[in-house]
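Below, each chain spelled out in residue letters.
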Amino acid sequence: MLFRSVAEEHFEDDHETLTAIKQNVAEYLGQRASLISPLEDEPTRAVRQAMFAESLTLLEELIQTLEQRAGLTSIELINPLRALARIRHLQGTGFRLAEGPLERVLSILQGQETLDNEDLAQAWLDLGDGRVLSGNPSSQDAYREAWTLLASSTPEAIEQFNAPVLLLPKKITPLYLERWPTKTEPGAALYTDLSLIVTEEGKTKGVKIIDRTVSAKYSRWARSRLSYSRFRPAVQDGEPVSQTIELRQPFEVLEKASEQSDDAAQAEVMNDPQSAD
């Protein structure tokens, strides 16, 4: 990128300004790449892959520069290491590769003379989330550590463990219908309500349709999508537990034409995280 090239001409490799620019550019590229669906045509997928590759390369170069300047255990490495993990998660095929940077963040924090329990707990939470996404069963150990660290502070600190937290996808986004459902009143909310069990490992099971205003076909798509979701599990008294929750999958219409039938629809397709590298 031109802005990066200009910055590299004016600053030394280890200059603080250049390191900040590299991280910002890397995260920008990763975010932009994540907006491109992996289901696009081959040339578009190639652009997506190239943007992710450049993003990761920039972060790896930045980390190497900081290691040489500040040492292998410098707290300056924490932000770019976390950024590296975020980009690998956005890529959708690097969940296992993201564990290494998160483990290293935890190790750096543990090696500091002065420990902040909240910072350390967040590192354990990040590692637990990363392990859920990669299918690593030791995610539960990370959540136990985080809960123990926060339980000694205020009661509010452990309220975040009361219910599961959606990790993949980051949020429930609408599925799209090509036409307004014929049996649904114009202007009515379009949705499918589902119940599911989030297990101790952050996986889902027993996904059931409990209410809907769209056809059974579309509701089944919503159920299938949710079956691939991943969560940070609830934690009670320091132990990850299974919990039943309810979620609403909204729908939106691309062409609102009440006189048309709802024979066709376009739905978002989710990748199975267990198939990721």
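About the thresholds
- Here, residues in each chain are numbered from 1, in the same order as that chain's written sequence.
- Per-residue local features of the predicted model are confined to residues with pLDDT of at least 70, and side-chain atom pairs are confined, for both listing and counting, to 80 or more; whole-chain, interface and lining totals are unaffected and use all residues.
- Side-chain measures here rest on the full set of heavy atoms in the structure, leaving out hydrogens and waters.
- Each helix is a run of H or I in the DSSP string that is no shorter than four residues. Each strand is a run of E no shorter than two, and both are numbered from the N terminus.
- Exposure is judged per residue with a 1.4 Å probe applied to protein chains only, and the accessible area is read against the type maximum: over 50% gives exposed, under 20% gives buried, and values in between give partly exposed.
- It only takes one pair of heavy atoms within 4.5 Å for two residues to be counted as in contact.
- All accessible-area figures derive from a Shrake-Rupley calculation using a 1.4 Å probe, and residue coverage is judged against the displayed protein chains alone.
- If DSSP finds at least two bridges between two strands, the strands pair.
- Note on aromatic pairs: the rings of Phe, Tyr and Trp (six-membered ring only in Trp) are paired at centre separations within 6.5 Å, and the planes decide the class, stacked below 30 degrees, edge-to-face beyond 60, tilted for the rest.
- A ring has a charge above it when a Lys NZ or an Arg CZ is no more than 6 Å from the ring centre and no more than 35 degrees off the ring normal.
- One less than the number of residues in a helix, times 1.5 Å, gives the span that helix is expected to have.

Colleague: Is there a simple way to explain the overall build of the protein in this structure?
Modeller: Across its full length, the protein carries eight helices and nine strands. Considering the protein as a whole, with its 277 residues, one finds that 43% of them fall into the buried category. Taking all contacts inside the protein whose residues are at least 6 apart in sequence as the whole, residues at least 24 apart take part in 69%. Summed over all atoms, the accessible surface of the protein reaches about 14,900 Å², with 48% contributed by carbon and sulfur.

Colleague: I keep staring at the pairing of strand β4 (residues 204–212) and nothing clicks. Help me out?
Modeller: Side chains on a regular strand alternate between the two faces of the sheet. Pairing geometry for strand β3 (residues 191–198) and β4, over six bridges, is antiparallel. Bridging from a neighbouring strand, Ser195 pairs with Lys208 of β4. Counting the residues that bridge the hairpin from β3 to β4 gives five residues, and of these Gly202 lies at a positive phi of roughly 85 degrees.

Colleague: Help me understand the packing of aromatic side chains in this model?
Modeller: Ring pairs (aromatic) are described by centroid distance and by the angle formed between their planes. Evaluated as defined, the whole model comprises one aromatic pair. Look at Tyr218 and Trp221: their rings are 5.4 Å apart centre to centre, the planes differ by 45 degrees, and that puts the pair in the tilted class. On the criterion of helical spacing, the pair formed by Tyr218 and Trp221 is a turn pair, its members being three residues apart in helix α8 (residues 216–227). Residue class for Trp221 comes out partly exposed when judged on its relative accessible area of 34%. Against the face of Tyr191 rests Arg248, its NZ or CZ located 3.6 Å from the ring centre.

Colleague: I tried to follow unusual backbone geometry on my own but got confused; where do I start?
Modeller: For residues that are not glycine, phi is negative in most cases, and the peptide bond is trans in most cases. Leu168 connects to Pro169 through a cis peptide bond whose omega is -5 degrees. Within the secondary structure layout, Pro169 lies in the loop between β1 (165–168) and β2 (175–177). A positive phi is found at Asp237, a non-glycine position, where the angle reads about 50 degrees. The topology assignment puts Asp237 in the loop between β6 (234–236) and β7 (239–241). By relative accessible area, which is 72% here, Asp237 ends up exposed.

Colleague: Is there a simple way to explain helix α5 (residues 99–110) in this structure?
Modeller: An α-helical turn contains 3.6 residues, so a residue and the one three or four places further along point in the same direction. If you check α5, its first and last C-alpha atoms are 17 Å apart, about what twelve residues at 1.5 Å a residue would give, namely 16 Å. Among the residues of α5, those classed as buried are Glu99, Pro101, Leu102, Val105, Leu106, Ile108 and Leu109. Buried residues belonging to α5 abut α4 (78–91) and α6 (117–134).

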